[in-house]
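# Working through the structure, step by step
This is what each chain is made of:
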Amino acid sequence: MANEEQSTLFKVDENKCVTKQVKLTDIIIPKYDPAEFMKDSVDVMGIINDPILRKKGDKHEIIDGRRRIISAKLAGKPSIQAKIYEDISTTHSSMITLT
């Protein structure tokens, strides 16, 4: 595959991404690797870098920021600010996760 073709394949349209508050109960969190150690930091400093989510039905799936989200939940936060991709393929979300 040519380099130009590859860059087009993995390009994500930033216009389809919004940053907004999301209820933690609306985020699907994996059942492994709890982030207890980050809870105090999130409680005191907040989340510095917004987690990245994608819309999945009426919920949101984590692309990046799983430990930040778990830590916020453990700190008792009712919601967080996150970047949300409304329409993103699994391939594109995987590329974001890996970068």
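The model shown is predicted, which means the values in this text are computed figures rather than measured ones. (Residues numbered from 1 in each chain as written. Predicted model: local features only at pLDDT ≥ 70, side-chain atom pairs only at ≥ 80, totals over all residues. Heavy atoms only, no water.)

## What to know about the nonpolar core
If you look at soluble globular proteins, the nonpolar side chains tend to sit buried side by side. By size, the foremost hydrophobic cluster in this structure holds 13 residues, and its most contacted members are Ile 27, Leu 53 and Ile 69. Where this core is concerned, the elements lending two or more residues are α3 (66-74) and β5 (79-85). Those residues in contact with Ile 69, other than ones at most four positions away along the chain, are Leu 24, Ile 27, Ile 29, Pro 51, Leu 53, Ile 62 and Ile 80. Counting residues in each nonpolar core, the second largest holds 6 residues, with Ile 52, Ile 63, Tyr 85 and Ile 96 among its members. (Core = buried A, V, L, I, M, F, W, Y, C linked by side-chain atoms within 4.5 Å. Buried < 20%, exposed > 50% of the residue type's maximum accessible area, 1.4 Å probe, protein only. Helix = DSSP H or I, 4+ residues; strand = E, 2+ residues; numbered from the N terminus. Contact = heavy atoms within 4.5 Å.)

## A few points about the environment of Lys 16
Relative to the assigned elements, Lys 16 resides in the loop between α1 (3-9) and β1 (17-23). When the C-alpha atoms of Lys 16 and Ile 84 are compared, they prove to be 8.4 Å apart, with 68 residues separating the residues in sequence. Once you skip the residues sitting within four places of it in the chain, Lys 16 turns out to touch Ile 84, Tyr 85, Glu 86 and Asp 87.

## Considerations on the sheet that holds strand β4 (residues 59-64)
Strands sit in the order β1-β5-β3-β4-β2 across an open sheet of 5 strands; the sheet is mixed. Looking at strand neighbours, the two that pair on one side only are β1 and β2 (27-28), the edges of this open sheet. Along the sheet face, α3 touches β2, β3 (52-56), β4 and β5 and points at about 125° away from the line of β4. (Pairing = 2+ DSSP bridges. Axes fitted to C-alpha atoms, helices over the stretch in contact; angles between N-to-C directions.)

## Description of the pattern of salt bridges
In total, this model carries 6 salt bridges according to the counting rule given. A salt bridge links Lys 39 to Asp 40, with the nearest nitrogen and oxygen atoms 3.8 Å apart. Given the relative accessible area of 26%, Lys 39 is considered partly exposed. Two residues, Arg 68 and Asp 64, come together in a salt bridge whose shortest N-O distance is 3.0 Å. Note on Arg 68: relative accessible area 18%, which makes it buried. Judged by relative accessible area, which is 27%, Asp 64 ranks as partly exposed. (Salt bridge = Lys/Arg side-chain N within 4 Å of Asp/Glu carboxyl O.)

## Here's the deal with the environment of Ala 75
Summarising the element assignment, Ala 75 is placed in the loop between α3 and β5. Taking C-alpha positions, Ala 75 is 7.0 Å from Val 42, a pair spaced 33 residues apart along the chain. Contacts of Ala 75, omitting those with residues within four sequence positions, involve Lys 39 and Asp 43.

## Quick word on helix α4 (residues 90-98)
Within the span of α4, buried status applies to His 92, Ser 93 and Ile 96. With its buried residues spanning 100° around the axis, α4 presents them on a single face. Seen from the open side of α4, the exposed residues pointing more than 90 degrees away from its buried face are Thr 90 and Leu 98. (Arc of directions from axis to C-beta.)

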